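# Understanding the architecture of this molecule
The lines below spell out each chain.
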Amino acid sequence: MAQQALRPNTAGSFFATDGKPHPLQDTLTVVTLVLGLIAFITSFFHGLHLLSSWTGLLGIITGMYGQWISETTRERTGLILGLGASGVGFMLGMANGGLFGGLIG
């Protein structure tokens, strides 16, 4: 019985190390990771610069907002990984043609 009292309650979210659910922060973390992965992978293909630059930009925006409201270290770790991949994808997409490359002007 004494051992059960000493164990922390880890019920709730996978990312919540404080035992409380954080649905908005978890959603932003997953969205940032997915957008970052898409931006990073598509940045290696010259013809997909529109997809790469836009998903990278959206990943940076969602990741920065997620960092602003994050509450645990696990959330921040996922957000930083997603932000890094989004940043690389965004920059390579911009170098290959940009957000509006060929569509405007």
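Presented here is a report on the structure given in the accompanying data block. (Residues numbered from 1 in each chain as written. Predicted model: local features only at pLDDT ≥ 70, side-chain atom pairs only at ≥ 80, totals over all residues. Heavy atoms only, no water.)

### Quick notes on the packing of helix α2 (residues 23-42) against helix α4 (residues 73-96)
In plain terms, the rule: Note on geometry: axes are C-alpha line fits, over the in-contact stretch for helices, and angles between N-to-C directions span 0 to 180 degrees. For the purposes of this entry, the term helix denotes a DSSP run of H or I that reaches at least four residues, the term strand denotes a run of E that reaches at least two, and both are numbered from the N terminus. Here is the rule for angles: anything less than 35 degrees is roughly parallel, anything more than 145 is roughly antiparallel, 65 through 115 is roughly perpendicular, and the remaining ranges are oblique. Crossing handedness follows the turn of the near helix against the far one: under a right angle anticlockwise gives a left-handed crossing, and clockwise gives a right-handed one. Contact between two residues is taken to exist if any of their heavy atoms lie within 4.5 Å; hydrogens are not considered.
Two elements in contact, α2 and α4, have axes whose closest approach is 7 Å; the angle formed by their N-to-C orientations is 30°. Comparing their axes, α4 and α2 come out roughly parallel. When the axes of α2 and α4 are compared, the crossing they make is left-handed. Residues Gln25, Asp26, Leu28, Thr29, Thr32, Leu33, Leu35, Gly36, Leu37, Ala39 and Phe40 of α2 pack against Glu75, Gly78, Leu79, Leu81, Gly82, Leu83, Ala85, Ser86, Val88 and Gly89 of α4.

### With respect to helix α3 (residues 49-69)
What counts is decided by this rule: Multiply 1.5 Å by the residue count of a helix minus one, and that product is the helix's expected span. Partly exposed residues are those whose accessible area sits between 20% and 50% of the maximum for their type, while under 20% is buried and over 50% is exposed, using a 1.4 Å probe and protein chains only.
Counted at 1.5 Å a residue, the expected span for α3 with its 21 residues is 30 Å, and the 30 Å between its end C-alpha atoms agrees. Within α3, the full set of buried residues consists of His49, Ser52, Ser53, Thr55, Gly56, Gly59, Thr62, Gly63, Gly66 and Ile69. Those residues of α3 that are buried lie in contact with α2 and α4.

### With respect to the packing of α3 against α4
For clarity, the threshold we go by: Polar here means any residue outside two lists: the nonpolar Ala, Val, Leu, Ile, Met, Phe, Trp, Tyr, Cys and Pro, and the charged Asp, Glu, Lys and Arg; Gly therefore counts as polar.
Running from N to C, α3 and α4 point in directions that differ by 150°, and their axes come no closer than 7 Å. Taken together, the axis directions place α3 and α4 in an arrangement best described as roughly antiparallel. Relative to α4, the crossing made by α3 is left-handed. Side by side, α3 and α4 meet where His49, Ser52, Ser53, Gly56, Leu57, Gly59, Ile60, Gly63, Met64, Gly66 and Gln67 of the first sit next to Arg76, Leu79, Ile80, Leu83, Ser86, Gly87, Gly89, Phe90, Gly93, Met94 and Asn96 of the second. Split by residue class, the contact of α3 with α4 holds eight nonpolar, 13 polar and one charged.

Interpretation note: all reported values are geometric properties and have no functional meaning in isolation.
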